Every structure is written in C-alpha cells, then in structure tokens.
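Here's the letter readout for the chains.
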2 protein chains.
Amino acid sequence: MAELVRIAVDAMGGDNAPGEIVKGAVESVNSRGDIRLVLTGREELLRAELGKYTYDAERIDVVHCEEVIETAEHPVMAIRAKKQSSMVVGMNMVKRGEADAFVSAGNSGALLVGGQVVVGRIKGVERPAMAPLIPTEKGVALLVDAGGNVDARPSHLVQFAQMGSVYMENVVGVEHPRVAILNIGAEEEKGNALVKETYPLLRECPGIHFTGSIEAREIPHGGADVIVCDAFAGNIVLKLYEGVASTLISKVKEGLMSSLRSKIGALLIKPALKKTLKEFDASQYGGAPLLGCRGLVVKMHGSSTAVEVKNAILQCVLFKQQGINEKIMEHIG
Amino acid sequence: MAELVRIAVDAMGGDNAPGEIVKGAVESVNSRGDIRLVLTGREELLRAELGKYTYDAERIDVVHCEEVIETAEHPVMAIRAKKQSSMVVGMNMVKRGEADAFVSAGNSGALLVGGQVVVGRIKGVERPAMAPLIPTEKGVALLVDAGGNVDARPSHLVQFAQMGSVYMENVVGVEHPRVAILNIGAEEEKGNALVKETYPLLRECPGIHFTGSIEAREIPHGGADVIVCDAFAGNIVLKLYEGVASTLISKVKEGLMSSLRSKIGALLIKPALKKTLKEFDASQYGGAPLLGCRGLVVKMHGSSTAVEVKNAILQCVLFKQQGINEKIMEHIG
C-alpha cells in the first residue's frame, strides 16, 4: 500500500464549518485507503457531525480545541493569542511532524501568518507563497503569489517560479511548465520596477522553463502554466476572475429572462451552461497550497463545501507522495 | 448654437484605419452640428474614403501626413523621430490651440508619451493618467490609471482621484462619484506600500467622495465609480476584464454546441445573449481620455470600428463643453 498521509483538518474554519468540512473529510477517507485525518475543533460538534456517516473510525481522529479564529480577526494577533484554536493546534501538529499537512477554510491572513511563524519555512525559502490554481481555456494555471507578499522582491519572485514549476509538474502533471511573469506588455523593457528587475533573473534561472511576460488578457486563454507576480497583483487577478465571471453570468441569466423566446431557450441550455460554468469555477480545484512551508498548509476558499474539502485533502496526498517539498529543497536549498 | 468643438482625428491609427476611422468621423459630423474635424493621414487615402459618404464638406478637413507610427514602434523614439506622423501632427494641433482634442486608435505608448511631451500637462498636474470606462452591473466605472504610471507615487493617485471625479461627474453624469482605491482587502491597514501611503491622503482630500478600499472582485459589481490605482494594477484589471469575459463567452458558446438540445436553445437565446454581451463590452464607451493634459487626448481601442470612433468624438464634445480641464484646474491648480 502507498505511504500513509496524515492530514490535520481545521473543522471550524469557513462559512460551512463544521458540517461541510466533516462531510468532505469523511468522503476523502472513504475514497482511498492511504489517508488518516485529525479534525481540530469543538469535539462535541464534530462527533455529532461524524455520527451522520459511515467510515473507518480508526482513520479519523478528533482533537478538541476550545477556540476558533474568526474571519474578521487580525491575523497576527489571532495567531499569537489563540494557541488553543483549531487553526494553531492543527499547524502545530504539522510543525511537530504529527501531521504531513494542514487544510483550512478559515481566516486567510491568519493561515498565512501561521504558515510562516508556526509551521515555518523550508530552509532557503525567503517567503512562502500562496498558489491557487485558476481555470483557463486549456485547463488550469498556477498563480504565485496570491497571498501575503504584497511588496515582494525580485529574489522572492524567482523562488515562486521555482516552487510553482515543481508543483505544476508533479501535482498537476504538466511537463516542463511554462513560467511567465505577469506584465503590462510582452516586451522585456515593459513593466514596473519589480518586473524589470525580476525579468533577467528569471531568464537566467536554471531548472525552469521561462517564456517571458504574460499580459493579464492572456491568462484566461491559457498563455502560461505558472504565473509569477507579487501578491498585490496576484490578488487582483484572483478576485477579478471571480468578479467578472459572476457578473457576466448574472447578466447572461438576466438577459435570458427578458423574453418568452429566450426563457424557453434558457431551459434547453441549462444543463450545458451549468457544466461550462462549473469548468470555469476556481473552487473545484481543492484549495491553494502555501508553497515553501515545511510540511504543507492548504488554504481552501471560505465558501468551500464537501467536494472542495475532499479535493483539498486529496491534493495533500499527492503533494506528500510526490515529495514536493523535497524537490523544492533540491532547487532552492 | 452650442460652442463649436474642433477635433483632430488620427485617421491612420488602429487595426481598421483608415476605413472605419473615416466612417466614424463622418457619422459624428452628421449626428450633430457643433463638431468640426481635421483628419490627419495620407490625403489620397482619406479623400477616397470620404468620397464614399455624404456630409458637410466644410466640417471635415484633411491634413496630409507622410508618416505613420506603427503599433510595434518604441513610443519615445517614434514620437521623437516621426514629426510628420498622423499622431504627432494631430497632437501639435492641440498644443497650438488649433484643435480642442485629439483622438487616436494608434500606438498606446506613443500616445501617452505624446500627451506628455507634445501636448503637455495642465499646470499642477504631476502625471496625466489614462482613464478608461469599464462596464459594471450598475453601469460603468472609471479606472485611473490604466496608462503609463506603473510606479506611481501617492500624490499621483490623489490627483487621479480628483481628475477622475470631475470626469465622472461632468462627462458621465454621476453625482458625487464614489472614489475607491484598488486594494487586496477592505480594511485600512491592508495593501502594499503605495496603497498604505495613499489611503490617508485620499481620506483627507477635499472635493472627492472617498469610500475606502475596493477589492477587485467588487469592481464588476459596481462597488465604486472611480477606481484609483497605479497603471500596473490598472492594466491588469483592464486586460483581465477582456480576457475573462472573452474566455467565458467562448466556453459558453462551445458548451451550447455540445448537444442538439442546447443547440436549439442557443438559437432561441441568441438575440438576448448578444444584447447582454454588448452591454458588457468595454469598447462601446468611446475611448479613454488622457486626464491631465492641456486640451484633450483620447485613446481608442486598437480594434475600434466606426461606432467607437463616433462615440470617442462625441465624448470630446462633452469634455470640452463641460469645461473638464477648467474644473480640473480648479481642483488641482
């Protein structure tokens, strides 16, 4: 049997906790034999949720945590003050080697801070980066960084490119992933100070397949596999993806209700439209890894439901079994 | 009769020049009596195009220009070297007061450079900014800057907010436009160094209605009327809008062709879908003004057709007759 992967799951984080988190956890355990989970959170709540399902009780433990870090809390303060929270307890398990990975749909900022100060960085990594997969016409692309490094340095971006390449190649299965830097034009002389300094470093960086600049317009068309940027730009890309897609969809739906003719048409196209929109929904990809942490920390969308929780957990298995962190160390150490 | 507005039109710039440019110019002149145009470009070509239409010949002049600045040319070099180009000649007319405005679908970078070095800035304005209107669920929002200031300073962003407010109020007709700064979270302590420094300055700035930070997700939902950012971020927003929308639309169309059922549905919804997508198409709004220049310079999309050319010209009329630059001077001077 494949190596057992032990994953701590923050059962209290996110809009649908603990119900959907517990459900997704059970589904993941029932889907393959090499997962062992620890749910962190209020024990009585979690036991009640677990009681609804059939699963191998040996493979899901519960660790009671009195506290929960709320969405609106200040990240640094929350991580410092709430040592007994479902988030800090889970991250400490990764730190002590009791778990290989930690997944949470809770406070993003706290997760980023905790990844750095509780779990800690891989030796040689200057800054961990949050790397969500975003949908494109051709599949998915990895956006690094969409996390905490809003005023990143060129050397950070080079490491993001290295870590992102390892991830795309080994977890997503893209051979020789094309790495591009997010820019405002295709030419090398374009860009802000950060991009201009980073560009030549990426061109000279061994072990990655750097293809130059990518304009934001080309991201959805699948112009690169790994898109490197500071977290300010990455956050804009990630959030605008969501915003434009949801606005456009609601406008299309509104338009379809405007006449009897289009209403009938709408009924006929509903299944096809639903399938298409699902393909273009970032949440199905199972959370964003915090690349560069010792162990693995995965951030799930706050609105995650059971299917995303399950996917996030399965992603952790692949991450561990493919030895992503060992490969990152080979490149960066 | 209202004050006559004289507009120089670069008839050689853009993918559809000179045909669509000339057509749009004629349509604008035929639509109202207070416009007088000068087309810059190769005279024989332009006369041949003009010969296809009926219009008041007194109101469209042609100024022959031997040169054309191509899309791929280096902006600074092109503006310096090609004094006889349709772009530089048109901008010089604005500089000398022979035209109130100049519109072009040509090389964006050259237009930005020319706006600064040929036309020149309004006294007190530190940096002109390119301000496209982008579609939202509630109408449109103005994005400032999406042009050349990729490493902007806080004081630049404050002026962008002031100029953008004047524009939205007087050209678009939004009372007390809501100004927000593009950010990665709603709280004041969030953001990169530029945003953190700019935020308190905007809060204290008189004459604008500052509402705080806006996340990229909220832009398409209509969360602000004027969105202030550096041009690197602005370019990402503008280009990603285009990219996500076009990808999503092509995926929806593909999905509709997947079964007989959905194909029939697609026929029924086609008119409604077309109308919706048109509403969400940024190009209909008639070009982006370069705010802060003496006179007015308007950048049209490279793929502009006659209708966008006409809208850009009509926008110039409003800009001039509403005294936008005088109002900007009141705020900034």
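Note that the coordinates shown come from a computational prediction; the quantities given were computed from them, not determined experimentally. All residue numbers refer to positions counted from 1 along the written sequence of the respective chain. Whichever chain is written first is A, and whichever ligand is written first is 1; the rest continue in order. In view of the model being predicted, local features appear only for residues whose pLDDT reaches at least 70, and side-chain atom pairs are presented and counted only at 80 or more, with totals across whole chains, interfaces and linings using the full set of residues. Computation of side-chain values: all heavy atoms of the structure, hydrogens and water removed.

1. Considering the interface of chain B and chain A
Interface extent is often summarised as the accessible area lost during association of the parts.
Part 1: Taken together, the 57 residues of chain B in the interface contact 57 residues of chain A.
Part 2: Interface area, chain B with chain A, both sides summed: about 4,800 Å², of which 72% is carbon and sulfur.
Part 3: A quick way to say it: buried area is the sum, across both parts, of accessible area lost when two parts are put together, with a 1.4 Å probe. The three residues of chain B that bury the most area against chain A are Phe232(B), Leu240(B) and Lys251(B), which together make up 13% of that side's buried surface.
Part 4: Within this document, salt bridges are pairs made up of a side-chain nitrogen of Lys or Arg and a carboxyl oxygen of Asp or Glu, the two lying within 4 Å of each other. Scanning the region where chain B abuts chain A turns up 4 salt bridges.
Part 5: Arg217(A) is the partner of Glu242(B) in a salt bridge, and the nearest nitrogen-oxygen pair spans 3.1 Å.
Part 6: Under the rule applied, a polar contact is a pair of N or O atoms within 3.5 Å (in protein, one hydrogen donor and one hydrogen acceptor; residues adjacent in sequence only if both atoms are side-chain atoms). Here chain B and chain A share 16 residue pairs in polar contact (both at pLDDT 80 or more) between them.
Part 7: Counting from the N terminus, the helices are the DSSP runs of H or I reaching at least four residues and the strands are the DSSP runs of E reaching at least two. Sorting the residues of the side of chain B that touches chain A by element identifies β8 (178-183), α7 (193-204), α8 (231-256) and α9 (260-279) of chain B as the ones contributing at least two each.
Part 8: At 22 residues, α8(B) tops the list of elements feeding residues into the side of chain B that touches chain A.
Part 9: In this classification, the charged set is Asp, Glu, Lys and Arg, the nonpolar set is Ala, Val, Leu, Ile, Met, Phe, Trp, Tyr, Cys and Pro, and all remaining amino acids, among them Gly, are polar. Of the residues that constitute the side of chain B that touches chain A, the class distribution is 31 nonpolar, 16 polar and 10 charged. Working rule for contacts: check all heavy atoms of both residues, and any pair within 4.5 Å makes them a contact.

2. Considerations on the environment of Arg32(A)
All names here are of chain A.
Part 1: Along the chain, the position of Arg32 falls in the loop between α1 (19-31) and β2 (35-41).
Part 2: As a C-alpha pair, Arg32 and Leu314 span 282 residues in sequence and 8.9 Å in three-dimensional space.
Part 3: Not counting residues within four places of it along the chain, the set of residues in contact with Arg32 comprises Arg59, Leu314, Val317 and Gln321.
Part 4: A polar atom in the side chain of Arg32 sits 2.8 Å from the side chain of Asp34.

3. Things to note about the packing of aromatic side chains
Residue and element names in this part refer to chain A.
Part 1: Only the six-membered ring of Trp is used, alongside the rings of Phe and Tyr, when aromatic pairs are assigned; centres must lie within 6.5 Å, and planes under 30 degrees apart are stacked while those over 60 apart are edge-to-face, with the rest tilted. If you walk through the whole model with that rule in mind, you get 4 aromatic pairs over all chains.
Part 2: Between the aromatic rings of Tyr199 and Phe210, the centroid separation amounts to 5.2 Å while the plane-to-plane angle is 75°, which identifies the pairing as edge-to-face. Remark: Phe210 occurs in strand β9 (residues 209-215) and Tyr199 occurs in helix α7 (residues 193-204); sequence separation between them is 11 residues.

4. A closer look at the pairing of strand β4 (residues 101-104) of chain A
Residue and element names in this part refer to chain A.
Part 1: Buried, partly exposed and exposed residues are distinguished by accessible area as a fraction of the type maximum, computed with a 1.4 Å probe on protein chains only: under 20%, between the cut-offs, and over 50%, respectively. Side chains Ala101 and Val103 of β4 all project onto a buried face; the interleaved residues Phe102 and Ser104 project onto the opposite face, where all are buried too.
Part 2: By the convention used here, strands pair only if DSSP detects at least 2 bridges between them. Relative to strand β12 (residues 296-299), β4 runs parallel, the two sharing 4 bridges. If you follow Ala101 over to β12, its bridge partner there is Leu296.

5. So, the pattern of salt bridges
Part 1: Counted according to the given criterion, the structure contains 26 salt bridges over all chains.
Part 2: A salt bridge links Lys239(A) to Glu215(B), with the shortest nitrogen-to-oxygen separation between them at 2.4 Å. Of this pair, Lys239(A) sits in helix α8 (residues 231-256) while Glu215(B) sits in strand β9 (residues 209-215), on two different chains. Comparing Lys239(A) with Glu215(B) shows no difference in burial state: the two are buried.
Part 3: Between Arg96(B) and Glu98(B) there is a salt bridge; the shortest N-O distance is 2.6 Å.
Part 4: Judged by relative accessible area, Glu98(B) falls into the partly exposed class, the value being 38%.

6. A look at the relation of the copies chain B and chain A
Part 1: Residues reaching a pLDDT of at least 70 in both copies supply the C-alpha atoms on which the copies are superposed by least squares. With an axial shift of 0.0 Å and an RMSD of 0.0 Å, the rotation relating chain B to chain A amounts to 180°. In symmetry terms, the pair is related by a two-fold rotation axis. Considering only C-alpha atoms, the residue of chain B closest to the rotation axis is Gly265(B), which sits at 1.9 Å.

7. Some remarks on the sheet that holds strand β4 (residues 101-104) of chain B
Residue and element names in this part refer to chain B.
Part 1: Here 7 strands make up an open sheet; going across it, the order is β3-β2-β1-β4-β12-β11-β5 and the pairing mixed. Sheet topology places β3 (60-64) and β5 (129-130) at the edges, where each strand pairs with a single neighbour.
Part 2: Across 3 bridges, the pairing between strand β1 (residues 5-10) and β4 is parallel. Each residue of the ladder has a partner; that of Ala8, found in β4, is Phe102.
Part 3: Packing of helix α1 (residues 19-31) onto the sheet brings it into contact with β1, β2 (35-41) and β3, and relative to β2 it is tilted by some 165°. An axis is simply a line fitted to the C-alpha atoms; with a helix, the fit covers only the stretch in contact. Between two such axes, the angle follows the N-to-C directions and lies from 0 to 180 degrees.

8. A few points about the nonpolar core
Part 1: In this structure, Ile7(A) and Ile7(B) are the most contacted members of the largest nonpolar core, which totals 190 residues.
Part 2: Beyond its immediate stretch of four places on either side in the chain, Ile7(B) contacts Ile35(B), Arg36(B), Leu37(B), Val38(B), Ala101(B), Val103(B), Ile313(B), Cys316(B) and Val317(B).
Part 3: Counting residues in each nonpolar core, the second largest holds 23 residues, with Val38(A), Ile79(A), Ala99(A) and Met130(A) among its members. Buried Ala, Val, Leu, Ile, Met, Phe, Trp, Tyr and Cys residues that are joined via side-chain atoms within 4.5 Å together make up what is termed a nonpolar core.

9. Examining the packing of α1(B) against helix α10 (residues 306-321) of chain B
Residues and elements named next belong to chain B.
Part 1: At their nearest, the axes of α1 and α10 sit 7 Å apart, and the two run at 50° to each other. Looking at the two axes, α1 sits oblique to α10. For α1 against α10, the interelement crossing comes out right-handed. Residue-level contacts link Glu20, Ile21, Lys23, Gly24, Ala25, Glu27, Ser28 and Ser31 of α1 to Ala306, Val309, Lys310, Ile313 and Leu314 of α10.
Part 2: For the contact of α1 with α10, the residue count by class is 6 nonpolar, 3 polar and 4 charged. Any angle that is under 35 degrees is reported as roughly parallel, and any over 145 degrees as roughly antiparallel; angles of 65 to 115 degrees are reported as roughly perpendicular and all others as oblique. Crossing handedness: left-handed means the near helix sits turned counterclockwise from the far one by under a right angle, and right-handed means the same turn made clockwise.

10. A word on the side chain of Thr247(A)
Part 1: For Thr247(A), the location among the structural elements is in helix α8.
Part 2: Of the residues examined, Thr247(A) reaches a relative accessible area of 0% and is grouped as buried.
Part 3: Discounting residues that sit within four places of it in the chain, Thr247(A) has contacts with Glu137(B), Pro220(B), His221(B) and Phe280(B).

11. Regarding helix α10 (residues 306-321) of chain A
Residues and elements named next belong to chain A.
Part 1: Multiply 1.5 Å by the residue count of a helix minus one, and that product is the helix's expected span. Along its 16 residues, α10 runs 23 Å from first to last C-alpha, staying within 8% of the 22 Å computed at 1.5 Å per residue.
Part 2: Looking only at α10, the buried set comprises Ala306, Glu308, Val309, Ala312, Ile313, Gln315, Cys316, Val317 and Phe319.
Part 3: Where α10 terminates, the next one or two residues include Gly323, which has phi positive at roughly 60°.

12. Let's talk about unusual backbone geometry
All names here are of chain A.
Part 1: With an omega of -5°, the peptide bond running from Ala17 to Pro18 counts as cis.
Part 2: Non-glycine residue His176 carries a positive phi angle of around 45°.
Part 3: Of note, His176 is situated in the loop between α6 (154-172) and β8 (178-183).
Part 4: Assessed through its relative accessible area of 57%, His176 is described here as exposed.

13. Some details on the environment of Met91(A)
Residue and element names in this part refer to chain A.
Part 1: Counting through the fold element by element, Met91 comes out in helix α4 (residues 86-95).
Part 2: Judged by its relative accessible area of 0%, Met91 falls in the buried class.
Part 3: Apart from the residues within four sequence positions on either side, Met91 is in contact with Ile79, Phe102, Ala110, Leu111, Gly114, Gly115, Val118, Val119 and Val297.

14. Side note on empty space enclosed by the protein
Part 1: Every definition here rests on a 1 Å grid over the protein atoms only: cavities are sets of points where a 1.4 Å probe fits but cannot get out, pockets are open sets enclosed by protein on both sides within 12 Å along at least five of seven lines, and lining residues have some atom within 4 Å of a point. Grid points are joined across faces, edges and corners, and a volume is the space filled by probe spheres set on the points. Enumeration over the complete set of coordinates arrives at 4 cavities of 30 Å³ or more.
Part 2: Looking at the largest cavity, its volume works out to about 110 Å³.
Part 3: Leu248(A), Ile249(A), Val252(A), Lys253(A), Leu273(A), Leu277(A), Leu248(B), Ile249(B), Val252(B), Lys253(B), Leu273(B) and Leu277(B) are the residues that line the largest cavity.
Part 4: Elements with a contribution of two residues or more to the lining of the largest cavity: α8 and α9 (260-279) of chain A together with α8 and α9 of chain B.
Part 5: Split by residue class, the lining of the largest cavity holds 10 nonpolar, no polar and 2 charged.

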